[in-house]
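The lines below spell out each chain.
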Amino acid sequence: MGDEKNGKLMIISGPSGVGKSTICKRLVDEYENVSLSVSLTTRPKSESEVNGQDYYFVTREEFEKKINAGELLEYAEVFGNFYGTPKDKVEQDLSQGKTVILEIDVQGARKVKTRHPEVLMVFILPPTQKELAARMNDRGRDDEQTSRIRLSQADDEIASAWRYYNNMVINEDLDLAVGEVANIAGLSKKEN
Ligand code: ADP
Ligand code: 5GP
């Protein structure tokens, strides 16, 4: 790896419900030459999600095969399920000069950083703890117990983020947050 990379690699992390997917979608829709990596996961698909678009939903066996075949750039266990980034697509998009976004957790981000030291690392923060809980509820994806587990992890994730991320963006006003992340990656707006 190395010379074939022209595009920029950017990691976006943050606690569950903070607005990562919303921000990433806006970047893909509104800015030039952005590719959002679609991860594999062993977590069950929720009703609102689309296989191949939000994630590739796979069995534990299929996931293990990908690990053994060396097809993942990184993977991690998050909230009791496995999540991983398919390597080929990332490398292909980078070689085509695209800005590739990985929406992954802190453990995965640290692994990517060892392979790609130049990676841009962005951590999204909520304006308040209360607002984070409200957004997770609004999203309506998780049951009460899952939401509680995810919320209780947020403090630890935020604490470790201070150590590893050099870009922290508060997602209070969505437009401003999208603009800040776009600025960090040096993205240009699409013309209407
Ligand atoms: P994540 O991908 O980090 O888990 P989502 O992108 O699914 O989070 O967002 C969680 C919820 O918060 C969604 O209902 C989304 O519309 C809402 N949301 C995202 N950003 C903001 C914002 N700046 N202000 C208010 N609500 C927001
Ligand atoms: P969710 O289940 O809410 O979609 O995602 C849970 C967590 O897994 C989030 O922190 C998300 O960033 C992380 N995640 C999603 N895909 C990947 C991946 O491919 N690798 C890693 N390490 N984490 C991921």
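Here's what I pulled together on the structure shown here. Along every chain, residues carry numbers that run from 1 in the direction the sequence is written. Chains carry letters and ligands carry numbers; both start at the beginning, A for chains and 1 for ligands, and go up in the order they are written. Note on the predicted model: pLDDT of at least 70 is required for a residue's local features to be given, and 80 or more for side-chain atom pairs to be given and counted; whole-chain, interface and lining totals, by contrast, use all residues. Note: side-chain values were computed over all heavy atoms of the structure, leaving out hydrogens and water.

**Some details on the packing of helix α5 (residues 129-139) against helix α6 (residues 144-164)**
Angle between the axes and distance between the axes are the two parameters that describe a pair of packed helices. Interaxial angle, 0 to 180 degrees, is taken between N-to-C directions of lines fitted to C-alpha atoms, where a helix line uses only the stretch in contact. By the criteria applied, helices consist of DSSP H or I runs no shorter than four residues and strands consist of E runs no shorter than two, each listed in order from the N terminus. Here α5 crosses α6 at 150 degrees, and the two axes come no closer than 11 Å. Put simply, α5 runs roughly antiparallel to α6. Seen along the crossing, α5 lies across α6 with a hand that is right-handed. The residues of α6 that touch α5, namely those facing Q129, L132, A133, M136 and R139, are S147, R150, L151, A154 and D155. Of the residues belonging to the contact of α5 with α6, the class tally is five nonpolar, two polar and three charged. Under this scheme an angle from 65 to 115 degrees is roughly perpendicular, one under 35 degrees roughly parallel, and one over 145 degrees roughly antiparallel; angles in between are oblique. Each crossing is labelled by how the near helix is turned from the far one, with a counterclockwise turn of less than a right angle marking it left-handed and a clockwise turn marking it right-handed. Throughout, a residue-residue contact means that at least one pair of heavy atoms, one from each residue, lies within 4.5 Å. Any residue outside Ala, Val, Leu, Ile, Met, Phe, Trp, Tyr, Cys, Pro, Asp, Glu, Lys and Arg is labelled polar, Gly included; the first ten of those are nonpolar and the last four are charged.

**Points about the layout of surface pockets**
Cavities and pockets are found on a 1 Å grid laid over the protein atoms alone: a cavity is a set of points where a 1.4 Å probe fits but cannot escape, a pocket is an open set with protein on both sides within 12 Å along at least five of seven lines, and a lining residue has an atom within 4 Å of such a point. Grid points are joined across faces, edges and corners, and a volume is the space filled by probe spheres set on the points. Looking at the largest pocket, its volume works out to about 1,300 Å³. Together, 48 residues line the largest pocket, and K20, S21, Y55, E103 and R141 are the ones closest to its centre. When contributions to the lining of the largest pocket are tallied by element, the ones reaching two or more residues are α1 (20-30), β5 (72-78), β6 (81-86), α4 (106-115), α5 and α6. With seven residues, α1 is the largest single contributor of residues to the lining of the largest pocket. Here the second largest pocket is characterised by a volume of approximately 210 Å³. Lining the second largest pocket are R43, P44, K45, S46, F79, N81, R141, D142, T146, I149 and R150. Looking at the lining of the second largest pocket, the element that brings in the most residues is α6, giving three residues. Of the residues in the lining of the second largest pocket, the class split is three nonpolar, three polar and five charged.

**Thoughts on the site of ligand 2**
For this description, a residue counts as near a given molecule or strand if any of its non-hydrogen atoms is within 4 Å of it. Around ligand 2 there are 18 residues in total, and S39, R43, Y55, Y83 and R150 lie nearest to it. In protein, a polar contact requires one atom able to donate a hydrogen and another able to accept it; more generally it is a pair of N or O atoms within 3.5 Å, and residues adjacent in sequence count only if both atoms are side-chain atoms. Take Y83: an N or O atom from its side chain is 2.6 Å from an oxygen atom of ligand 2. With the chains in place, 96% of the 510 Å² that ligand 2 exposes on its own is no longer accessible. A molecule is said to be in a cavity or pocket once over half of its atoms fall within 2 Å of that pocket's grid points. Comparing atom positions with the cavity grids shows ligand 2 to sit within the largest pocket. Elements that contribute at least two residues to the shell around ligand 2 include exactly β5 and β6. Here the shell around ligand 2 is composed, by residue class, of six nonpolar, five polar and seven charged. Here the open area of atoms and residues is found with the Shrake-Rupley method and a 1.4 Å probe, where only the protein chains shown may cover a residue.

**Description of the sheet that holds β5**
A sheet is described by the order of its strands in space; here four strands give the open sequence β4-β3-β6-β5, paired in mixed fashion. Each edge of the sheet is formed by a strand with only one pairing partner; in this case those strands are β4 (56-57) and β5. At least two bridges found by DSSP between two strands are what make those strands a pair. As defined by bridge partners, strand β3 (residues 40-41) adjoins β6 across two bridges and the pair is classed as antiparallel. Its bridge partner lying in β6, L40 is registered against G84. In the packing of helix α3 (residues 87-95) onto the sheet, contacts are made with β5 and β6, and the angle to β6 comes to roughly 35 degrees.

**A closer look at the pattern of salt bridges**
Salt bridges are defined by distance alone: a side-chain nitrogen of Lys or Arg within 4 Å of a carboxyl oxygen of Asp or Glu. Counted under the stated rule, the structure contains 10 salt bridges. Where E30 meets R26, a salt bridge forms, and the shortest distance between an N and an O atom there is 2.5 Å. Placement of both E30 and R26 in helix α1 is noted, with a separation of four residues, approximately one turn of the helix. Judged by relative accessible area, which is 22%, E30 ranks as partly exposed. Each residue's exposure class comes from its accessible area (1.4 Å probe, protein chains only) as a fraction of the maximum for that residue type: buried when under 20%, exposed when over 50%, partly exposed otherwise.

**A closer look at the site of ligand 1**
In the vicinity of ligand 1 there are 15 residues, among which G17, K20, S21, T22 and R139 approach most closely. Between ligand 1 and the protein, one listed contact pairs a nitrogen atom with a side-chain N or O atom of R135 at 3.3 Å. For ligand 1, whose unbound accessible area comes to 570 Å², protein coverage reaches 75%. In this structure, ligand 1 is accommodated by the largest pocket. When contributions to the shell around ligand 1 are tallied by element, the ones reaching two or more residues are α1 and α5. When grouped by side-chain class, the residues that make up the shell around ligand 1 number three nonpolar, six polar and six charged.

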